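Coordinate inspection notes
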Amino acid sequence: MPSSYRNFRQSVPWLILSLEAVFIALFNIWFPYDGELIKSYPAFQDVNHMMIFGFGFYLMFLKRLIEAAMSMTAVVISTGAVLGKANPVQLILMTVLELIVFSMSRWMNVTFLQVTDSISMMHVHLFGAYFGLAFSSCFSEPSPRTDKNARTPKSDLLSMLGTVFLWVFWPSFNSVLSDSKWRAIYNTYFGLAVSAVTAFALSVLTTKDGKFRMSHIHSAVLAGGVAVGYAAHSIKYPWIAMVLGLLASVIAILGSYCSQRCLNPPLKLHDTSGVHFTFGMPAVLGALAQVVLLIIKNWNNLSSLGYLVMIQVGAFCLTISVALLTGLIAGLILNLRLFKTIPVSKYFEDQFYWEFPHLAVGF
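Now for a description of the structure that goes with this document. The model shown is predicted, which means the values in this text are computed figures rather than measured ones. Every chain is numbered on its own, with residues counted from 1 as its sequence reads. A pLDDT threshold of at least 70 governs which residues receive local features in this predicted model, and a stricter bar of 80 or more applies before side-chain atom pairs are shown or counted, although totals over entire chains, interfaces and linings include all residues. For side-chain calculations, the full set of non-hydrogen atoms in the structure is used, while hydrogens and water are omitted.

Quick look at the overall build of the protein chain
The test is simple: Under the scheme used here, helices are H or I runs from DSSP no shorter than 4 residues and strands are E runs no shorter than 2 residues, and both carry numbers assigned from the N terminus. For the exposure calls, accessible area comes from a 1.4 Å probe over protein chains only, and a residue counts as buried if that area is under 20% of its type's maximum, exposed if over 50%, partly exposed in between. Surface accessibility in these figures is a Shrake-Rupley result with a 1.4 Å probe; residues are shielded only by whichever protein chains are displayed.
Within the protein chain one finds twelve helices and zero strands. Across the protein chain, helices and strands are ordered from the amino to the carboxyl terminus as α-α-α-α-α-α-α-α-α-α-α-α. By residue count, 46% of the 363 residues in the protein chain fall in the buried class. Here the protein chain displays about 19000 Å² of accessible surface, and carbon together with sulfur accounts for 69% of that area.

Quick notes on a nonpolar patch on the surface
For the record, the criterion: Like-charged residues within 9 Å of one another, or nonpolar side chains (Val, Leu, Ile, Met, Phe, Trp, Tyr) within 5 Å, are grouped into patches, provided each residue has over 30% relative accessible area and no salt bridge. Just to be clear on terms, a salt bridge is a Lys or Arg side-chain nitrogen sitting within 4 Å of an Asp or Glu carboxyl oxygen.
Taken together, the side chains of Tyr237, Trp239, Val243, Leu246 and Leu247 define a hydrophobic patch exposed on the protein surface, amounting to about 510 Å² of accessible area. Turning to its location among the elements, tyrosine 237 is positioned in the loop between helix 9 (214-229) and helix 10 (238-267).

Examining the side chain of serine 256
How we decide: In this description, contact between two residues means that some pair of their heavy atoms is separated by no more than 4.5 Å.
Within the secondary structure, serine 256 sits in helix 10. Aside from chain neighbours lying at most four places away, what touches serine 256 is His216, Ile251 and Phe277.

Remarks on unusual backbone geometry
Its identity is not glycine, yet glutamine 114 carries a phi of approximately 55°, on the positive side. By the element assignment, glutamine 114 lies in the loop between helix 4 (88-112) and helix 5 (117-122).

A closer look at the environment of leucine 93
On the secondary structure map, leucine 93 appears in helix 4. Put simply, leucine 93 and alanine 330 are 237 residues apart on the chain and 9.0 Å apart in space, counted from C-alpha to C-alpha. Not counting residues up to four positions away in its chain, the partners in contact with leucine 93 are Leu15, Leu334 and Phe339.

What to know about the side chain of serine 105
Within the secondary structure layout, serine 105 lies in helix 4. Setting aside residues no more than four positions away along its own chain, serine 105 makes contact with Phe127, Leu318, Thr319 and Val322.

Section: the nonpolar core
Burial of nonpolar side chains together is a common tendency in soluble globular proteins. Selection rule: What we call a nonpolar core is a set of buried Ala, Val, Leu, Ile, Met, Phe, Trp, Tyr and Cys residues that are connected through their side-chain atoms within 4.5 Å.
Phe127 and Ile235 are the most contacted members of the largest nonpolar core, which totals 72 residues. Listed in part, the five residues of the second largest apolar core include Leu113, Val115, Ile119 and Ile311.

Remarks on the packing of helix 6 (residues 124-136) against helix 11 (residues 275-297)
The cut-off we apply is this: Every angle, taken between N-to-C directions, lies between 0 and 180 degrees, and every axis is a line fitted to C-alpha atoms, over only the stretch in contact when it is a helix. Angles below 35 degrees are treated as roughly parallel, those above 145 as roughly antiparallel, those between 65 and 115 as roughly perpendicular, and all remaining angles as oblique. Crossing chirality is assigned from the near helix's rotation relative to the far helix, an anticlockwise turn below a right angle marking it left-handed and a clockwise turn marking it right-handed. Basically, the charged four are Asp, Glu, Lys and Arg, the nonpolar ten are Ala, Val, Leu, Ile, Met, Phe, Trp, Tyr, Cys and Pro, and anything else, Gly included, counts as polar.
Contact geometry of helix 6 with helix 11 gives a least axis separation of 8 Å together with a crossing angle of 135°. Classed by the angle they form, the pair helix 6 and helix 11 counts as oblique. As helix 6 packs across helix 11, the resulting crossing turns out to be left-handed. Together, His125, Leu126, Ala129, Tyr130 and Leu133 of helix 6 and Val275, His276, Phe279, Gly280, Met281, Ala283 and Val284 of helix 11 make up the contact between the two elements. Of the residues that constitute the contact of helix 6 with helix 11, the class distribution is nine nonpolar, three polar and no charged.

Looking at the environment of isoleucine 235
With respect to the helices, strands and loops of the structure, isoleucine 235 is situated in the loop between helix 9 and helix 10. Between the alpha carbons of isoleucine 235 and alanine 184 there is a distance of 8.0 Å; along the sequence they are 51 residues apart. If we skip the residues at most four places from it in the chain, isoleucine 235 touches Arg183, Asn187, Val228, Ile240, Ala241, Leu244 and Leu293.

Let's talk about helix 9
The test is simple: The span one expects for a helix is its residue count, reduced by one, times 1.5 Å. At every residue, the bend is computed as the angle between two fitted axes, covering the seven residues ending there and the seven beginning there respectively.
With 16 residues, helix 9 extends 24 Å between its outermost C-alpha atoms, agreeing within 8% with the 22 Å of an ideal straight helix rising 1.5 Å per residue. The sharpest bend along helix 9 measures roughly 30° and falls at alanine 223. Taking burial as the measure, the 16 residues of helix 9 include 14 buried ones, the bulk of the element.

A look at empty space enclosed by the protein
The test is simple: With a 1 Å grid spanning the protein atoms alone, the term cavity applies to any set of points in which a 1.4 Å probe fits but cannot get out, the term pocket to an open set with protein on both sides within 12 Å along at least five of seven lines, and the term lining residue to any residue with an atom within 4 Å of a point. Grid points are joined across faces, edges and corners, and a volume is the space filled by probe spheres set on the points.
Reported here for the largest cavity is a volume of approximately 60 Å³. Lining the largest cavity are Met70, Ser118, Ile119, Met121, Met122, Phe173, Asn174, Leu177, Ser178, Gly229, Tyr230 and His233. The set of elements that each furnish at least two residues to the lining of the largest cavity consists of helix 5 and helix 7 (153-175). Counting residues per element, the lining of the largest cavity draws most heavily on helix 5, which supplies four residues.

With respect to the packing of helix 4 against helix 6
Contact pair helix 4 / helix 6: the axes reach a minimum separation of 11 Å and the direction vectors enclose 135°. The angle between helix 4 and helix 6 falls in the class oblique. Crossing of helix 4 against helix 6: the hand is right-handed. When helix 4 is examined against helix 6, the residues Met94, Glu98, Val101, Phe102 and Ser105 are found in contact with a partner set consisting of Val124, Phe127, Gly128, Phe131 and Phe135.

Things to note about the packing of aromatic side chains
The criterion, for reference: Aromatic rings from Phe, Tyr and Trp, taking only the six-membered ring of Trp, are treated as a pair when their centres fall within 6.5 Å; an angle between ring planes under 30 degrees marks them as stacked, one over 60 as edge-to-face, and anything in between as tilted.
All chains considered together, the criterion is met by eight aromatic pairs. Geometrically, the ring pair formed by phenylalanine 200 and phenylalanine 212 is edge-to-face, given 5.3 Å between the ring centres and 85° between the ring planes. Separated by twelve residues along the polypeptide, phenylalanine 200 in helix 8 (residues 181-206) and phenylalanine 212 in the loop between helix 8 and helix 9 bring together distant segments of the chain. Owing to a relative accessible area of 54%, phenylalanine 212 belongs among the exposed residues under this scheme.

Comments concerning helix 6
The terminal C-alpha atoms of helix 6, which comprises 13 residues, lie 18 Å apart, in line with the 18 Å expected from a rise of 1.5 Å per residue. Here helix 6 lies mainly inside the structure; 13 of its 13 residues are buried.

Digging into the environment of phenylalanine 348
Relative to the elements of secondary structure, phenylalanine 348 occurs in the segment after helix 12 (302-334). With relative accessibility at 15%, the residue phenylalanine 348 sits in the buried group. Between the C-alpha atom of phenylalanine 348 and that of leucine 83, which follows or precedes it by 265 residues, the distance is 7.7 Å.

Below is the structure:
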């Protein structure tokens, strides 16, 4: 039995069981049942559909439990940046660390900056993308000649299935903590619809052969939902949500070219699933749009306008700074020899951790 296999077998199961025991103890202390369980179950169900079916293919009963499920979005986004390069132990520990840090970041935003719950939760895409990029920067780059992570028609089809699930349930995600649920739902749908149409148009215009490219569709059709999320509850006119959806789609597609050609090579950064231009850049656009809309809304109240703007800008800067700093620290720690980092030659190989009968001898 190889030593690497023994290390995997001796570490991963016990780590999972230990964390499960901790969660059981925490639920025993802090999560009793109450009368809100049945009322908020549909929203909890929609968020879980997004997480399991949407993000799964793409890569309330209590309010705090809904927020916990939504917080997992940050982890899934970050995982997309290191997919195929991190081992199970690193991913499990990254999940625990990121959830703790994101919760602390939200707590600071809500407590000290008085940011609302809905706005602080919409930072989840921003936090997940830049935590993942900082974490990924600590891993060695894969060889440019490798084709192990190349797209196939089957993987594109499954990824598109996940994209459809996310597209359908994204309005529930953006509205679940909002006071103006109907407005958040409609604005999100308008933004998603326009970003989807723009994605197909720009894909044809930007490819050499003038054909649709699946990678463009995967990222850009969801960009509108990310960008609109910050201000979905406060946008009063549909055309504003539609313009945001269009701009987000443009940023996602053009950002993919800029990231892969101009940004990633100098920084020696490898973003496996393109989380930077799928979630990071549209989230930055959404945060800026929310500040602009806040200025327009309070233009006649100049005495408090500066304070309101500084609060939102401060929350944005705090979130992205904490994400980058803690992602980098987590990446440096989890790349120590203790955690058995995967060698570059073994990137994007699943045979070590999963059983594949068709690869067995004599199959």
